[in-house]
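Secondary and tertiary structure notes
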Amino acid sequence: MPIIEVSSLNYRYVGQRDYVLRDISFTVNEGEFVLIVGPSGCGKSTLCRCLNGLIPHFYEGDLEGDVWVAGHSVRETPTHVLSQHVGMVFQNPQNQLFSLSVESDVAFALENLSLPREEIRRRVDEVLSLLGITELRDRSPFELSGGQQQKVAIASVLAMRPRIIIMDEPTSFLDPISSLNLIETIDRIRKSLGLTVLLVEHRIELAAPRANRIIVMNDGQIVYDGNPAEFFERYDAHSYGVYVPKVVRLAREVNKHVRLFNKPPLSPEEFEERVRMFASHRV
Amino acid sequence: MALSLFEGLRFKPGKSFVHKLDPRAKLLTSLLILITAFMYTDVVIISILLLLEYVLIRIAGVSGMWLKTLRGALPLAAIIFVITFFARMADKGVAFITFYESFAFAYRLVVFLSSFSLFFLTTTPEEIALTLTKLRIPYQYTFAFVSAIRFTPVLAEEMQSIMDAQRARGLELDKGGFLQRIRKMIPVLVPLLVNVLRRSYELAEAMEVKCFGVSKNRTYLKELRPTGKDYAFTAVVVVLFAMVVVARVFYIQPALHIFGLLGLLS
């Protein structure tokens, strides 16, 4: 069942001549993990803003086409209503935490929605333990590492119990290990809560093996939408400004000598499995 | 020097009796100390006040910071002393009473400036925010206060890195006279300001997404729950203050009495 439906969406920010998004159409089914990639400035962040109502309610500009999210028309639904269906996590963890303790940051949105105190307490406990950050409860966001801050940001959004989570380059301020840890955490909670996830990410090697689907954007348009392995097999990812994972390149090199891979592996595990299978057939 | 005056307004974490008091009780105490200092210029009363304050500060274990505030207040107190002295000299001449009154005014100023240290040194910013809310101050203002505290270290860090970057390009921030140094801060402050503006936009976006200002009756996860100790403490403070008021009504000025007995006022 589609939970996001975008049809012929065009958008340009106020005062700009060119459209940032051009003729964007796609649907996302409930429970999908969609990876959105593309070079900087191709409109990924703008697309995210169109899905949770920041466009057109916070940013002015010309919006054409229809966007439906969780049964709501984004054009007619205020951001605070949409936020309870679509959670948004931004790039810079510093700028989405406002309070002096982790606990009050996670409670922030719920307090704004004037939920009863008992309910807030219950939900805060729940999301903190879900993300494994209960021990950070009384710490100040300033003292936390980037990875911890980003987990707090995710918790504060999850507390609203959205069915969809959109993340706009959540790892770009993190080191490689924290990034891996964060992507694994996202994948884990996605599975346990049955969330729909849209992840904008440059670290394709980390995200691609976990995603069901990849949407490739270039210059405000969707240039590919489908299976991640197929994209790397059939297209010259580089020419779309998309980094080709090392394991894909390695498989291509191997294929030049022995045709081992019918479709490119996206993770070292897949690579190893294929090699192992090949070796056991040979014996 | 001037900055050490504000040392007494920074929160020092602790677990003492004073730290655990309800912030409203501490706010009231600080306020009553201030009012008492307004009502009296008597050195004896002001000394008692300072002593009481010191006892509470000592219990909280933050006397170091408090003393710094007092020291920071000294230059201001000296100015008050001089001004008062010259003003009084006109009609009373250079007499013991002129010295005494000028001293009392300056002394009182020290109590003024340190009175709120008790509140600020022992109350977490979060408790201050809760207190503001309880005083029915609109949430927007409380939020502004909290985020100011939240982002101060972030901006300090940012400023440091801009300074480093500009130094690496040859800007000599530590050289030159006072005016020159101020002018050299421009290449630091402009990027800082630009960053702050950009950051504020991102913050506004995140606030929007987290439903800021949606409900008029915002709820709060944390609340202030006064205990028996808070009531007892407040009662003691109020009784002491009532005594001060009564003494004021009957015009009791211990210091002047003592001086009178010693024959210093003739």
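Residues numbered from 1 in each chain as written. Chains lettered and ligands numbered in written order. Predicted model: local features only at pLDDT ≥ 70, side-chain atom pairs only at ≥ 80, totals over all residues.

Moving on: the pairing of strand β9 (residues 213–218) of chain A. Residue and element names in this part refer to chain A. When strand β3 (residues 33–37) meets β9, the two strands line up parallel, connected through four bridges. Among the inter-strand pairings, Val34 is bridged to a residue of β9, identified as Arg213. Linking two consecutive strands that pair antiparallel, namely β9 and strand β10 (residues 221–226), is a turn of two residues; a positive phi of about 50° is found at Asp219 within it. (Pairing = 2+ DSSP bridges. Helix = DSSP H or I, 4+ residues; strand = E, 2+ residues; numbered from the N terminus.)

This paragraph deals with the packing of helix α4 (residues 102–112) of chain A against helix α6 (residues 146–158) of chain A. All names here are of chain A. Look at α4 against α6: their axes get within 7 Å of each other, and the N-to-C directions meet at 35°. Where α4 crosses over α6, the two elements pack in a sense that is right-handed. Residue-level inspection shows Val102, Asp105, Val106, Phe108 and Ala109 of α4 in contact with α6, the latter providing Val152, Ala155 and Ser156. Across the contact of α4 with α6, the residue classes break down as six nonpolar, one polar and one charged. (Axes fitted to C-alpha atoms, helices over the stretch in contact; angles between N-to-C directions. Left-handed = near helix turned anticlockwise from the far one by under 90°. Contact = placed C-beta atoms within 7 Å. Nonpolar A, V, L, I, M, F, W, Y, C, P; charged D, E, K, R; others polar.)

Let's shift gears to the interface of chain A and chain B. In this complex, chain A contributes 32 residues to the contact, which on the side of chain B involves 26 residues. Breaking the side of chain A that touches chain B down by element, the ones donating at least two residues are α3 (79–82), α4 and α5 (117–130) of chain A. Per element, the largest residue contribution to the side of chain A that touches chain B is six residues, and it comes from α4 of chain A. Residues of the side of chain A that touches chain B, tallied by class, amount to 15 nonpolar, 14 polar and three charged.

With that out of the way, let us pick up the environment of Phe278 of chain A. Residue and element names in this part refer to chain A. Mapped onto the fold, Phe278 is located in helix α11 (residues 268–282). Residue Phe278 is classed as partly exposed on the basis of its 13 C-beta neighbours within 10 Å. Remark: the alpha-carbon pair of Phe278 and His85, spanning 193 residues in sequence, is separated by 46 Å. (Buried ≥ 20, exposed ≤ 12 C-beta atoms within 10 Å, placed from the backbone.)

Glancing now at the sheet that holds strand β1 (residues 2–13) of chain A. Residue and element names in this part refer to chain A. Within the open sheet, the four strands sit side by side as β2-β1-β4-β5. Their pairing is antiparallel. Every interior strand has two partners, whereas the edge strands, β2 (21–29) and β5 (72–73), have only one. Pairing analysis gives eight bridges linking β1 to strand β4 (residues 61–69), with the strands arranged antiparallel. For Tyr11, the partnering residue across the bridge sits in β4 and is Leu63.

Take the nonpolar core next. Across soluble globular proteins, nonpolar side chains show a tendency to be buried alongside one another. Ranked by internal contacts, the top residues of the largest apolar core, which has 99 residues, are Leu51 and Ala155 of chain A. Of all hydrophobic cores here, the second largest spans 32 residues; its members include Ile33, Ala104, Val110 and Leu121 of chain B. (Core = buried A, V, L, I, M, F, W, Y, C linked by C-beta atoms within 7 Å.)

Further remarks concern unusual backbone geometry. What is expected of a backbone is that most residues other than glycine have negative phi and most peptide bonds are trans. Going from Ile55 of chain A to Pro56 of chain A, the amide bond is cis rather than trans, its omega being 10°. Checked against the element boundaries, Pro56 of chain A lands in helix α2 (residues 54–57). If you check the backbone angles, Ala70 of chain A has positive phi at about 50° while not being a glycine. Its location among the elements puts Ala70 of chain A in the loop between β4 and β5. Positive phi is not limited to glycine here, since Cys211 of chain B has a value of about 60°. Mapping Cys211 of chain B onto the fold places it in the loop between α10 (186–209) and α11 (228–249).

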